[in-house]
Structures are given as C-alpha cells and as structure tokens.
Amino acid sequence: MHICVLGQGYVGLPLAMRAAEAGHTVTGYEPDRTRCEALASGVSYVEDIDSGRLQSALASGAYTASSDPQDLKGFDVAVITVPTPLTDRAPDLSCVRAAGRALAEWLEPGATVVLESTTYPGTTRDVLIPLLEEGSGLTAGRDFHVGFSPERIDPGNADWRLENTPKIVAGLTESCLRRVKDFYDTVTEVTVPASGLEEAELAKVFENTYRHVNIALVNELSRMAHTLGVDVWHTLELAATKPFGFTKFQPGPGVGGHCLPIDPVYLSHHVKARHGQTFRLIELAQDINESQPDYVVRRLQDTLSRRFRRSVHGARILALGAAYKPGTSDARQSPAAEVTDRLRAMGADVTVVDPYLPVAAGSCRDIPFAAGSTTERVADFDAVVLLTPHSEFDLDRLAAEAAYVLDTRGVMTAAPHIERL
C-alpha cells in the first residue's frame, strides 16, 4: 500500500520507518524544508531512528521524504502525526487542520485517513472529518474511511517501541475500524480496538493525565516530607513494596516533553469550554508541577544561604542536564530550562552541561568531571544541581568532588553535602 505519514517528528518518523520495513511504499511528508532535506540526505534528527536505518529505507526505495503536497496523491492510508501544542494555554489544532486540508485535495474513494496526534475527545469527528469532506466532496464512512489511533511513543525507551507497544485503534464506522486495524496489524504486534473515536481520544489524554496527577502528588509529598524532616525517597521505596494497589512515581524538578505539560490541559480546557465544568484534579496538578522549578530554586537558595552564608546572586552553579528526560536530547518544555532561567534571573553564574545538546542550545557537551575534560573542575562551583541524570554523568566522582549537590532526581546517596529533593 501507499502510506503517507504527515509529520516526520518523534512519532511520524518511527511510524514511517516501520511501515517501509513492513513492505509498504511510504511518503514521509514534512513541510519543514530543512528537516525534509536532512531526511532526504539520510540524516535522522530523531534519536530513536538512527541514520543507518533511514538510509536503508531510502536506498530500498520504500521511503521518500517530501515537502510537496502533490506527493500525497494516490495514498491508500494517510496518518496524521503533527504537533498539537498549546497557544495562550489553549489547544492549537492548526497543524491538524493544515494536514486535513492538504489530504482532502488528494482524497480518493476507498482511502483511509487516521489521526494520531493527541487531542481532546471529538477532534476527529468535529474538526478533521468536516475538513476532509469539504475539501474532497466525499462522505466519511461511505466513500472513505476515517480513524483515530493515539500515539504511544516514549522517546529513548529501548524496551517499549512502536512495534511492541499495544496500539489502540478506532474508526468512524465498523468498516473504518477494520481498515484502520488492518493497516496497524502490519506494523504493530498488538492492536486494541476501541468502541468509538471519542473513547480512543479520551484514553490517550487520560493516560497522560494519570501520570501528570500522580507526579504532582509525589512532588507535593516531597515538599511536605522536607518540611517534616522525613526522607521521601525512602518512604516511596517502602510504599513500593506493597504488591497491589500502588504504583511508584518519583519527585523531580517538574514535568517536560510534549505530553505531560500539554495533553491534560487539552482535556480540562475542552471540558470547561464545551460544558462549563472544571476538571479540578488536572488544574491542581498543573499548578503543582508548574511551580516545581521554583521550588527547586528555593531549595538551592535556602541551602546556599543557610550553609554557606552566600546569595544565589553571584554564585557559580553547575546545572547537569537540559533535556527533560535522561538519555535523550529532547528539551521540549524541559523543567531544567525553567530552573536555569530562574537562577540566571537571580544573578547566578550558571553553567549548563548536557552531553546530548549542542552548545548552540545553551549547554556544553564537555563534562567538567569526565575523564580527559579540559573544562573547570566541579569543585570550582559553589553548587551543583542535578536536573537530568544522564548515564554519562560520573555520579561517584561528582559526590567526591562537589562542595554541594542538590539532586532533584533521587539518584545519588544522601550525604552531608548531597541533598535529595
């Protein structure tokens, strides 16, 4: 089949590669010309897809990268994997709408369109389908098939990948569902049919809302435990020994990536805008998690003042990690950036180190306590704040050489000069 994947980011490119390897002819549509040129030359900017894998797909002729909408012509299945960001704290579906209009021009009877982009319940039915019908003159469910299949990509996760993560599939009609399932059965090991479009859309935003709320819970717990003088990390280890009814979440400097800071807001905003009701747990969780970077800065500020009799202003601080999660260069909505921005605003001299991010992104690859490093010693800094625990960081050496460390991820052993959040 001719498969078109609209959007070649961390969701779309892995899907395009998997579809090409499954024997389909794939067009990876990427309107960003710089990105498209990189893909066409065999250079992958998505960490989960190495350039060798991309080059093999290109060489086989199974995959083509294009920024020309005319290359969408003749598709059997088109999958929309474009971003759904927030603009002024409201859902922004402009990319979904643009993709729908682009596909409508080339939509033919019998073709299938699937939305994978995370959004609020009702988007496929109320936003995408009208665009497809208006632009094509065809009727969804009768002339062409429409479905929704939420992405479940976890960047940097080597255990759970596209092909072995259960894939929810939904369709406008039973016939649509069969077409959607038939396609995903060729690229994933397990498909999970949903009873309707809205149920599948809600399942996706709820998955991330579940994580968002529980992370907020342990972030709040960590603050209360610190006030009480209790080790929250040991508390969580103890609670995790219960074999039922408990899932362990851990505190951190905040939440990042595309999903957690954004997806729950899609749900709460939609419920309030459409029905005038407040999703109180989401809004409370958002308040807690958004304030977590401020809490990290206050902890650091208090310790510098109490232990070292000095202010954050003028202090030399080493910030380890800029990405939102370890093992990746993904810095979208990263709480690490929030922490360092706040410290700099207070007059601190902050050096950010992240082995996955270029100097141009405001961090340096050269790790001060790595073997052969030519940068300053870690002991030259007044404080270290560990924000993203990349495996490249030598934590034993950090513990031995640093004057003070605030470990926001609980990966170091507590000591007089090492505090865990």
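Everything that follows concerns the structure shown earlier in this document.
Everything numeric in this text was worked out from a predicted model, so none of it was measured.

S.K.: Outline the packing of helix 7 (residues 197-228) against helix 9 (residues 263-275), supporting the account with residue identities and numerical values.
M.R.: In contact at an axis separation of 8 Å, helix 7 and helix 9 are set at 115° when each is read in the N-to-C sense. On the basis of the axis angle, helix 7 is roughly perpendicular to helix 9. Both helix 7 and helix 9 take part in a crossing whose hand is left-handed. Residues L202, K204, V205, N208, T209 and H212 of helix 7 form the contact with helix 9, whose own contacting residues are D263, P264 and L267. For the contact of helix 7 with helix 9, the residue count by class is 4 nonpolar, 3 polar and 2 charged.

S.K.: Account for the environment of L260, with residues named and values stated.
M.R.: Mapped onto the fold, L260 is located in the loop between helix 8 (232-239) and helix 9. In this structure the C-alpha to C-alpha distance between L260 and V350, which are 90 residues apart in sequence, comes to 27 Å. Residues in contact with L260, not counting those within four places in the same chain, are N208, R211, H212, I215 and V255.

S.K.: How would you explain the pairing of strand 1 (residues 2-6) if you had to name every residue and give the values?
M.R.: Two faces make up the sheet, and in a regular strand the side chains alternate between them. For strand 1, the tally of buried residues reaches 5 of 5 residues, placing the bulk of the element in the interior. With helix 1 (residues 12-21) bridging strand 1 and its parallel neighbour strand 2 (residues 25-29), the resulting β-α-β unit is right-handed.

S.K.: Would you mind going over the side chain of H24 in detail, with residue names and values included?
M.R.: By secondary structure assignment, the location of H24 is in the loop between helix 1 and strand 2. The exposure class of H24 is buried, given its relative accessible area of 7%. Among the polar contacts listed, one links the side chain of H24 to the side chain of T186, at a separation of 2.9 Å. The residues contacting H24, other than those within four sequence positions of it, are M1, I3, A19, A62, F183 and T186.

S.K.: So what's going on with the environment of R142? Residues and values would help.
M.R.: The topology assignment puts R142 in the loop between helix 5 (123-136) and strand 8 (145-148). Taking the C-alpha atoms as reference points, R142 and L238, 96 residues apart in sequence, are found 56 Å from one another.

S.K.: Could you give me a rundown of the packing of aromatic side chains, with the residues and numbers involved?
M.R.: Overall, the coordinates contain 4 aromatic pairs when judged by the stated rule. Residues F183 and Y184 carry aromatic rings whose centres are separated by 4.8 Å and whose planes lie at 65° to one another, so their mutual orientation is edge-to-face. Using a relative accessible area of 1% as the deciding quantity, one classes F183 as buried. Judged by relative accessible area, which is 0%, Y184 ranks as buried. Of note, R316 hangs over the ring of F381, and the distance from its end group to the ring centre comes to 4.7 Å. Over the face of the ring belonging to Y10 we find R332, whose NZ or CZ atom lies 4.3 Å from the ring centre.

S.K.: I'd like a description of unusual backbone geometry, backed by residues and values.
M.R.: Excluding glycine, a negative phi dihedral is what most residues carry, and trans is how most peptide bonds are arranged. In this structure, R309 takes a positive phi of about 50° despite not being glycine. With phi around 55°, Q333 is a residue other than glycine that occupies positive phi space. With respect to the helices and strands, the residue Q333 is situated in the loop between strand 11 (316-320) and helix 11 (335-345).

S.K.: Outline the nonpolar core, listing residues and values.
M.R.: Counting residues in each nonpolar core, the largest one holds 36 residues, and the members touching the most others are F75, L103 and L132. Going through the elements one at a time, strand 1, strand 4 (77-80), helix 4 (94-104), strand 7 (112-115), helix 5, strand 8, strand 9 (167-171) and helix 7 are the ones with two or more residues in this core. With 5 residues, helix 4 is the single largest residue contributor to this core. If we skip the residues at most four places from it in the chain, F75 touches H2, C4, L103, W106, L107, A111, T112 and V113.

S.K.: Outline the pattern of salt bridges, listing residues and values.
M.R.: Pairing is possible between side chains that carry opposite charge, provided their charged atoms lie close to one another. As enumerated under the stated definition, the model contains 18 salt bridges in all. Between R316 and D349 there is a salt bridge, with its nearest N and O atoms 3.7 Å apart. Highlighted residues: R316 in strand 11 and D349 in strand 12 (residues 349-353), separated in sequence by 33 residues. Exposure remark for R316: the relative accessible area of 22% places this residue in the partly exposed category. Classification of D349 as partly exposed rests on a relative accessible area of 39%. A cluster of three or more residues bridged by salt bridges with shared partners is formed by D294, E338 and R342.

Conventions we followed
- Residues numbered from 1 in each chain as written.
- Predicted model: local features only at pLDDT ≥ 70, side-chain atom pairs only at ≥ 80, totals over all residues.
- Heavy atoms only, no water.
- Axes fitted to C-alpha atoms, helices over the stretch in contact; angles between N-to-C directions.
- Helix = DSSP H or I, 4+ residues; strand = E, 2+ residues; numbered from the N terminus.
- Parallel < 35°, antiparallel > 145°, perpendicular 65-115°, else oblique.
- Left-handed = near helix turned anticlockwise from the far one by under 90°.
- Contact = heavy atoms within 4.5 Å.
- Nonpolar A, V, L, I, M, F, W, Y, C, P; charged D, E, K, R; others polar.
- Buried < 20%, exposed > 50% of the residue type's maximum accessible area, 1.4 Å probe, protein only.
- Right-handed = clockwise from strand over helix to strand, strands pointing away.
- Polar contact = N/O pair within 3.5 Å; in protein donor to acceptor, adjacent residues only side chain to side chain.
- Phe/Tyr/Trp six-rings, centres within 6.5 Å; stacked < 30°, edge-to-face > 60°.
- Lys NZ or Arg CZ within 6 Å of the ring centre and 35° of its normal.
- Core = buried A, V, L, I, M, F, W, Y, C linked by side-chain atoms within 4.5 Å.
- Salt bridge = Lys/Arg side-chain N within 4 Å of Asp/Glu carboxyl O.

It is worth stressing that arrangement in space is one thing and function is another; only the former is reported here.
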